[in-house]
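# Remarks on the overall topology
Listed below are the residues making up each chain.
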Amino acid sequence: MAGGGAPQPSDSGGKKSVDFQLNLVPFIDLLSVLISFLLMTAVWTQIAKIDVKQTPNLPSDEPTPPPEEEKLSLTVLIKSSGYTVSKKGAVVKEIEKKGDEYDQTTLAEVLKQVVAEHPENHDVTVTSEDRVPYQELITVMDTCLMHKLDGISVAGVDT
Amino acid sequence: MPIKKPGKKPFAPWLKKHRALTGGKGKKQGVADLLLTPLIDMFVILVVFLIMNFSASGELITISKDIQLPKATSTAELDRAPIIQISANTIAIEGIKVGDSEEILKDPDLRIPSLTDKLQEMRKVDEMMHPGQPFKGQIIVNCDKDIDFKLVRKVMFAAADAGYSNFNYAVLVIGAGGEEGGEGGGASEG
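Residues numbered from 1 in each chain as written. Chains lettered and ligands numbered in written order. Predicted model: local features only at pLDDT ≥ 70, side-chain atom pairs only at ≥ 80, totals over all residues.

## So, the overall build of chain B
Of regular secondary structure, chain B possesses five helices and six strands. Listing the helices and strands of chain B from first to last along the sequence gives α-α-β-β-β-β-α-α-β-α-β. Counting every position in chain B, which comprises 190 residues, the buried fraction comes to 25%. Taking as baseline every contact in chain B between residues at least 6 positions apart, the subset at least 24 positions apart corresponds to 66%. (Helix = DSSP H or I, 4+ residues; strand = E, 2+ residues; numbered from the N terminus. Buried ≥ 20, exposed ≤ 12 C-beta atoms within 10 Å, placed from the backbone. Contact = placed C-beta atoms within 7 Å.)

## Concerning the pairing of strand 2 (residues 83–86) of chain B
All names here are of chain B. Here four bridges tie strand 2 to strand 5 (residues 138–143), and the two strands are oriented parallel to one another. Bridge pairing in strand 5 places Ile-83 opposite Ile-140. Bridge count for strand 2 against strand 3 (residues 90–93) is three bridges, and the pairing is antiparallel. When the sheet's bridge partners are listed, Ile-86 is paired in strand 3 with Ile-91. Linking strand 2 back to strand 3 in an antiparallel pair, the connection comprises three residues. (Pairing = 2+ DSSP bridges.)

## Topic: the interface of chain A and chain B
Listed per partner, the contact involves 48 residues of chain A and 57 residues of chain B. Secondary structure elements with two or more residues in the side of chain A that touches chain B: helix 1 (25–41), strand 1 (47–54), helix 2 (104–117), helix 3 (134–146) and strand 6 (151–156) of chain A. With nine residues, the top contributor of residues to the side of chain A that touches chain B is helix 3 of chain A. Residues of the side of chain A that touches chain B, tallied by class, amount to 27 nonpolar, 11 polar and 10 charged. (Nonpolar A, V, L, I, M, F, W, Y, C, P; charged D, E, K, R; others polar.)

## Points about the pairing of strand 2 (residues 75–78) of chain A
Residues and elements named next belong to chain A. The alternating pattern of strand 2 places Thr-75 and Leu-77 and Val-76 and Ile-78 on opposite faces, both of which are buried. Of the strand pairs in this sheet, strand 2 and strand 3 (residues 82–87) are connected by four bridges, and their pairing is antiparallel. Residue pairing in the sheet places Ile-78 in a bridge with Tyr-83 of strand 3. What sits between the antiparallel neighbours strand 2 and strand 3 is a turn of three residues.

## With respect to the environment of Gln-85 of chain B
Residue and element names in this part refer to chain B. Within the secondary structure, Gln-85 is located in strand 2. On the neighbour-count criterion, Gln-85 (26 C-beta atoms within 10 Å) is buried. Expressed as a C-alpha distance, the spacing of Gln-85 and Phe-157, which sit 72 residues apart in the sequence, is 15 Å. Contacts of Gln-85, omitting those with residues within four sequence positions, involve Ser-64, Ile-67, Ala-92 and Asn-142.

## Comments concerning the packing of helix 1 of chain A against helix 2 (residues 37–52) of chain B
To describe two helices that pack against each other, one gives the angle between their axes and the distance between the axes. Following both chains from N to C, one finds helix 1 of chain A and helix 2 of chain B inclined at 30°, their axes separated by 10 Å at the closest point. Regarding helix 1 of chain A and helix 2 of chain B, the two cross each other, and that crossing is left-handed. Seen from helix 1 of chain A, the contacting residues are Phe-27, Ile-28, Leu-31, Leu-34, Ile-35, Leu-38 and Leu-39 of chain A; seen from helix 2 of chain B, they are Ile-40, Phe-43, Leu-46, Val-47, Leu-50 and Ile-51 of chain B. Among the residues making up the contact of helix 1 of chain A with helix 2 of chain B, the classes are represented as 13 nonpolar, no polar and no charged. (Axes fitted to C-alpha atoms, helices over the stretch in contact; angles between N-to-C directions. Left-handed = near helix turned anticlockwise from the far one by under 90°.)

## So, helix 2 of chain B
Compared with the 22 Å implied by 1.5 Å per residue over 16 residues, the 23 Å span of helix 2 of chain B between its first and last C-alpha is a close match. Burial analysis of helix 2 of chain B places just zero of its 16 residues in the buried class, a small minority of the element. (Expected span 1.5 Å × (residues − 1).)

## With respect to the nonpolar core
Membership of the largest hydrophobic core comes to 62 residues, with the highest contact counts inside it found for Val-141, Val-155 and Ala-159 of chain B. Once residues within four sequence positions are removed from consideration, Val-141 of chain B is found in contact with Ile-84, Ile-86, Val-155, Phe-167, Asn-168, Tyr-169 and Ala-170 of chain B. (Core = buried A, V, L, I, M, F, W, Y, C linked by C-beta atoms within 7 Å.)

## A look at the confidence of the model for chain A
In this model, chain A carries a mean pLDDT of 81, and residues with pLDDT of at least 70 account for 79%. Note on residues 1–6 of chain A: pLDDT is under 50 here. Beyond four places in sequence and across chains, it has nine contacts. (pLDDT = per-residue confidence, 0-100.)

Take a look at the structure:
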């Protein structure tokens, strides 16, 4: 084995061999322990969060801030037929579904354009119809976060 | 224990010409060196891979079979908070069932009293445990990706009724990188 740590004296008189074998056993032990520990503590599914603050129309203990007139009020409405992006109460763009899939590319482009026009705004309200799957809500919030719109609030619409 | 001299055939055919077995000058020795270098190489690669995947925060959420989490790229790291689980069959808080999803969906009332009561209890416990500190009102929503938004909305309403207004939607992180690998994800995905 590779256990011999000290250089072996050669048979030919007092001439010492230059060969030296490292003692690898403790190193292998250390690696084995490390691998066992890391395997036991490994987290294979990376779960994270998307942070959302409560919208004022839902009940909360916190007092609602007074409405600001200059607020952009950027809203993304998720309907069963597609997205509607609006700001200051006016519709910016209606994005229809492409087949069965929501057109996220166009939504990203529209949001990018709005962010470029109003770089100071970081708030967005995501509203959704009741029948929309939860994944679509998350996808829209994800797209908003990609465009630095991190002040997300969620609201529902009565359908 | 005496060391026995091995037989003519080496224990591994690929070591037939190994110096330690043949003894250099044709004289056979009884000691065989194991090739440790590939073993250590493999160990090192394994350690590096595991360290790259290592998460100090551990696993806060255990995913049940009924719940398939939605996927996202722009995410933040999860904190410890009460967990509401919403599956197609049940709604549970910290593993305790508070209602059937279908019944709650059919109910025209937006409130879920059983969930609100349970959350209020948890809020009281939280305030007792952390006196003098402001109540964060954080809650983790662990919801199946195919659930209708109506159910999520009802749960949000019930949670807000109990004073929980900071919602953390649990998602699976997609793409390479860790929990915070969000910003450079590329807008044109999907």
